[in-house]
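Report on the structure
Chain residues, written in single-letter form:
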Amino acid sequence: MTTVIEVPEAEPGIVAPKSKSKGGGGLGRYIVIRFFLIIPTVFILVTLVFFLMRVIGDPITAAQGGRLPPDVLAQRIHDAGYDRPVLVQYFEYLGQLITGNFGTTITDRRPVVEVLTTFGAATLELSINALIVALAVGIPFGLIAAQHRDKMPDAFLRFFAILCYATPVFFSGLLLKLTFSVWLGWFPVAGRASTRTELTMSGLAAPSGIYWLDAIRSGNFTALGDVVSHAVLPAIALGLLTAGVFLRLVRTNVIGTLGKDYIEAGRSRGVSEFRLVTKHAYKPALIPIITVMGLQIALMLGGAILTETTFEWKGLGYQLVQYLNARDFVAVQGIVVLLAIIVAVTNFIVDIIAALIDPRVRY
């Protein structure tokens, strides 16, 4: 006998829910929205920097006041246009930024763009080195802490993580210099490279400005060893600041993953705890790291200013301190605006990577 099942008709006014398309169309919309959010973010940061720099008055008076006769000072202010209304200067500055003109420094009369390109590569190199240290320390130690949850290794590593991100980077840098440079003599005290290596790097055709990359490209492994020896202590000082955050994130998320059903199923089949942690649980734990990496880039750039000053690493942070001491607020303004743009663009890239890895991010 065949049984006929009657399906009730939908009542008037009730619309059946549409099935969600599986084409991943939300990704394109998410990317567009995140991209256009960069514009107001950078605009707000540029505006804040501009008006905060004008609180003390015009940049020429701040830099040269008391060093020049009043008539010469007034003439320079007029020539630079700083005697005009602030709003007029602001809109003119926005127009210059759109064309890529960040102005000219007051103390050494260099285009700010030249300063950014000359010293920006050094800060990029330091940030890459520090990120490598942060990942190399934070991820393995986080896995070990999760595997030995609430045991002695876990307690020690949690204390280590707190110590890493609670210690000021300039203090850890000074301790590293005192221990490994002054007492043990293992690494150089300061600088990016020896004078000979710097001369070699400057003589290369089309150098990138990242010393270890240029040394590899040129096949000069003697210079590479010198560059790496100079980079170890600054990278550790800055990298440990972020490594502590990564360690805690990995530990927390791996512990959460270890409680999932598929992990319990693996345990019931006799899979070792080490294999469960390293093979199955660590990948989901990396997603939060990628998500917060954009925020950590901002923290790393802030720490780079102190690190570069401590180790005399001549990057944007080092130059920023020099221009602040000289009260050259045109140069300071340009460097801060560039750092703000870098942070905004980095957050955009990190958001896209996180959305590609975890589709839940974009819904």
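The following refers to the structure shown.

On the surface, a nonpolar cluster with roughly 620 Å² of combined accessible area is contributed by Phe43, Ile44, Leu48, Leu52, Val55 and Ile56. Along the chain, the position of Phe43 falls in helix α1 (residues 26–53).

Attention now moves to the pattern of salt bridges. This structure, assessed with the given rule, holds seven salt bridges. With a closest N to O distance of 3.3 Å, Arg110 and Glu114 form a salt bridge. The class of Glu114 is partly exposed, set by a relative accessible area of 36%. One salt-bridge network, in which partners are shared between bridges, spans Asp154, Arg158 and Arg251.

Negative phi is the rule for most residues except glycine; trans is the rule for most peptide bonds. The phi dihedral of Arg109 falls on the positive side, at around 55 degrees, and the residue is not glycine. Within the fold, Arg109 resides in the loop between α4 (86–98) and α5 (112–147). Note on Arg109: relative accessible area 60%, which makes it exposed.

The subject of this paragraph is the packing of α5 against helix α13 (residues 316–325). As a packed pair, α5 and α13 sit with axes 7 Å apart at the nearest point and diverge in direction by 130 degrees. The orientation of α5 with respect to α13, classified from their angle, is oblique. Between α5 and α13, the contacting residues are Val115, Leu116, Phe119, Gly120 and Thr123 on the first element and Leu316, Gly317, Gln319 and Tyr323 on the second. Class assignment for the residues of the contact of α5 with α13 results in five nonpolar, four polar and no charged.

As a further point, take the nonpolar core. Counting residues in hydrophobic clusters, the biggest one holds 39 residues, and the most contacted among them are Val46, Leu116, Leu316 and Ile335. Mapped by element, the contributors of at least two residues to this core are α1, α3 (70–80), α4, α5, α12 (273–311), α13 and α14 (329–357). By residue number, the principal contributor to this core is α14, which donates 13 residues. Leu116 has contacts with Phe102, Leu316, Gly334, Ile335 and Leu338, leaving out every residue within four places of it along the chain. In terms of nonpolar packing, the next biggest core, distinct from the first, is built from 14 residues, Val169, Ala237, Leu241 and Trp313 among them.

The rules behind the values
Residues numbered from 1 in each chain as written. Predicted model: local features only at pLDDT ≥ 70, side-chain atom pairs only at ≥ 80, totals over all residues. Heavy atoms only, no water. Patch = residues over 30% accessible without salt bridge, like charges linked within 9 Å, V, L, I, M, F, W, Y side chains within 5 Å. Areas by Shrake-Rupley, 256 points an atom, 1.4 Å probe, with all protein chains shown as cover. Salt bridge = Lys/Arg side-chain N within 4 Å of Asp/Glu carboxyl O. Helix = DSSP H or I, 4+ residues; strand = E, 2+ residues; numbered from the N terminus. Buried < 20%, exposed > 50% of the residue type's maximum accessible area, 1.4 Å probe, protein only. Axes fitted to C-alpha atoms, helices over the stretch in contact; angles between N-to-C directions. Parallel < 35°, antiparallel > 145°, perpendicular 65-115°, else oblique. Contact = heavy atoms within 4.5 Å. Nonpolar A, V, L, I, M, F, W, Y, C, P; charged D, E, K, R; others polar. Core = buried A, V, L, I, M, F, W, Y, C linked by side-chain atoms within 4.5 Å.

Any functional reading would require information that these geometric values do not contain.
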